[in-house]
Amino acid sequence: MSAKLAASSAAAAVAALVARRYVDAQRPPRILHADTQFLRRVVAALGELLRVGRAPSAFELNGLLSTVSIVLRLPPLRWPGDVCEQELTLDDGGLVRLTWSLPAEGRATAGAVLVLPGLNNSSGWAFVRHAMARLSADGFAACCLDYRGVGGLPLKSGRLGAMDSWRDLAQVLEAVRRGPPGRAAGLPLFALGFSMGGLMLAKHLSTGRGPPVRAAATVSSPLEPLASVACFEGSLAFRAVNAATTQGLKLNFLAGWAHHASTRRHVAAAIDWHALLTACSLREAEEALLCPLHGYEDANAYYRACTPEIEAIATPLLVIHAEDDPVIGLSSVPLARLAA
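Read on for a plain summary of the structure.

Cut-offs used in this document
- Residues numbered from 1 in each chain as written.
- Predicted model: local features only at pLDDT ≥ 70, side-chain atom pairs only at ≥ 80, totals over all residues.
- Heavy atoms only, no water.
- Helix = DSSP H or I, 4+ residues; strand = E, 2+ residues; numbered from the N terminus.
- Buried < 20%, exposed > 50% of the residue type's maximum accessible area, 1.4 Å probe, protein only.
- Contact = heavy atoms within 4.5 Å.
- Areas by Shrake-Rupley, 256 points an atom, 1.4 Å probe, with all protein chains shown as cover.
- Core = buried A, V, L, I, M, F, W, Y, C linked by side-chain atoms within 4.5 Å.
- 1 Å grid on protein atoms, 1.4 Å probe; cavity = no way out; pocket = protein on both sides within 12 Å on 5 of 7 lines; lining within 4 Å.
- Points joined across faces, edges and corners; volume = space filled by probe spheres on them.
- Nonpolar A, V, L, I, M, F, W, Y, C, P; charged D, E, K, R; others polar.
- Salt bridge = Lys/Arg side-chain N within 4 Å of Asp/Glu carboxyl O.
- Phe/Tyr/Trp six-rings, centres within 6.5 Å; stacked < 30°, edge-to-face > 60°.
- Pairing = 2+ DSSP bridges.
- Arc of directions from axis to C-beta.
- Axes fitted to C-alpha atoms, helices over the stretch in contact; angles between N-to-C directions.
- Parallel < 35°, antiparallel > 145°, perpendicular 65-115°, else oblique.

### What to know about the overall build of the chain
Thought 1: Each helix and strand in the chain was counted, giving 14 helices and seven strands.
Thought 2: Sorting the 340 residues of the chain into buried and exposed places 49% on the buried side.
Thought 3: In the chain, of all internal contacts separated by at least 6 residues, the share reaching a separation of at least 24 is 74%.
Thought 4: In the structure as shown, the chain presents an accessible area of about 15,300 Å², 57% of it carried by carbon and sulfur atoms.

Right, dumping it as structure tokens:
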């Protein structure tokens, strides 16, 4: 194993081990806002020490900050303008949270942008908050969705925040269109999805349901889940990241399960606990946890139910993907379907 791969695998493993600290029953996690130049010097020195070969990007630094800031209980990122939170009860009783980052009072608002985080992420992650801060600074009302059971939310139904949370988006977008508390309603709608959130967004758009979205973007999203999971189970590097991501999923769920009695009542009987605790891949964890709770025969049925019909998407959609994405391999991106 190369030094670069060993370092990245170790970092992913550490991130998974501390992921449980993101579950807070009282408030969303707090995020560090620090001097980037100083951090670059620190990580560059670590890179030399580990012989990784390059300093990490700003995006990777944000991920590192999201991991360590909760452990150290560092102060939160400063948001420009106003910030507010509201809880939304869905039709089946499930509970989600909308966190708004708003332009400064008195400034015209260009529209509302629904921001959808990825798996194991929430409104507390640094890259999500940086995106929302940039949007609000540019005159948009940015609204991040924390899924069921994420960011300290108790589960009020038998469903978890997962890929098939696209089923909640019509109701969520309706709430976003109504606007934040005390602000103007009826804003033009836009949407931005990271990773799993981008898949959910594309799937929702392909159904044509809910209030109209004027334009949308996905970032590093598994638009063909079956192909993405097969790639994620391929090379040694992908399998290492897969295992680390799986541990984060399990830790997040177990921490929430331990905190909330309502969660235990809803899910305990349906889960294959031995399979969940011994799972080393997302497919194994999803078959033990999500499939029985959400009514899927197996993981493949779950992935097929969440695959968007790209050709049916009428909304202008920007798809952003890196050739060297460490989670979603480029070979799994449906480039031909997107180009058509």
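### Quick notes on the nonpolar core
Thought 1: Formed by 60 residues in total, the largest nonpolar core has its most connected members in Trp100, Leu114, Leu145, Val172, Val176 and Tyr302.
Thought 2: Contacts of Leu114, omitting those with residues within four sequence positions, involve Cys143, Leu145, Leu169, Val172, Leu173, Val176, Phe190, Ala191 and Leu192.
Thought 3: Counting 14 residues, the second largest nonpolar core, distinct from the first, contains Trp125, Val128, Leu135 and Leu192.

### What about empty space enclosed by the protein?
Thought 1: Counted by the stated rule, this structure contains two cavities of 30 Å³ or more.
Thought 2: Together, Arg148, Arg159, Leu160, Asp164, Ser165, Arg167, Asp168 and His294 line the second largest cavity.
Thought 3: Among the residues making up the lining of the second largest cavity, the classes are represented as one nonpolar, two polar and five charged.

### A look at the pattern of salt bridges
Close approach of charged atoms lets side chains of opposite charge pair.
Thought 1: Enumeration according to the criterion identifies eight salt bridges in this entry.
Thought 2: Across the pair Arg148 and Asp92 runs a salt bridge whose closest N-O atoms are separated by 3.0 Å. Of this pair, Arg148 sits in the loop between β4 (140-146) and α5 (169-178) while Asp92 sits in the loop between β1 (82-89) and β2 (95-102); the two residues are 56 residues apart in sequence, bridging distant segments of the chain.
Thought 3: On the basis of relative accessibility, which here comes to 41%, the residue Asp92 falls in the partly exposed class.
Thought 4: Between Arg337 and Glu311 there is a salt bridge, with its nearest N and O atoms 3.1 Å apart. Of this pair, Arg337 sits in helix α14 (residues 335-339) while Glu311 is found in the loop between α13 (299-305) and β7 (317-320), placing the two residues 26 residues apart along the sequence.
Thought 5: We classify Arg337 as partly exposed; its relative accessible area is 25%.

### Regarding the packing of aromatic side chains
Thought 1: Within this structure, the stated rule accounts for three aromatic pairs.
Thought 2: Pairing Phe140 with Phe190 gives two aromatic rings, centres 5.9 Å apart and planes at 85°, and the pair type is edge-to-face. Separated by 50 residues along the polypeptide, Phe140 in strand β4 and Phe190 in strand β5 (residues 189-194) bring together distant segments of the chain.
Thought 3: Judged by relative accessible area, Phe140 falls into the partly exposed class, the value being 22%.
Thought 4: Considering the side-chain rings of Tyr302 and Tyr303, the 5.6 Å spacing of their centres and the 40° angle between planes classify their relative orientation as tilted.

### Details of unusual backbone geometry
Keep in mind that most residues, glycine aside, have a negative phi and that most peptide bonds are trans.
Thought 1: Positive phi is not limited to glycine here, since Asn120 has a value of about 70°.
Thought 2: In the Ramachandran plot, Ser195 falls in the positive-phi region, its phi being about 55° despite a non-glycine side chain.
Thought 3: Inspection of the secondary structure puts Ser195 in the loop between β5 and α6 (196-207).

### Here we look at the pairing of β2
Thought 1: With eight of eight residues buried, β2 lies mostly within the body of the structure.
Thought 2: Burial along β2 is two-sided: Leu95, Arg97, Thr99 and Ser101 and Val96, Leu98, Trp100 and Leu102, pointing in opposite directions, are all buried.
Thought 3: Two elements, β2 and β4, share five bridges in a ladder whose sense is antiparallel. Residue pairing in the sheet places Leu98 in a bridge with Leu145 of β4.

### A short note on helix α7 (residues 225-232)
Thought 1: Those residues of α7 that fall on the buried side of the exposure criterion are Pro225, Ser228, Val229, Cys231 and Phe232. The arc that holds every buried residue of α7, seen down its axis, measures 160°, which confines them to one face.

### Some points on the packing of α5 against α6
Thought 1: Interaxial distance between α5 and α6 falls to 10 Å at its minimum, and their mutual angle equals 95°. Here α5 lies roughly perpendicular to α6, going by the angle between them. Residues Leu169, Ala170 and Leu173 of α5 form the contact with α6, whose participating residues are Met200, Leu201 and His204.
Thought 2: Looking at the contact of α5 with α6, its residues break down into five nonpolar, one polar and no charged.

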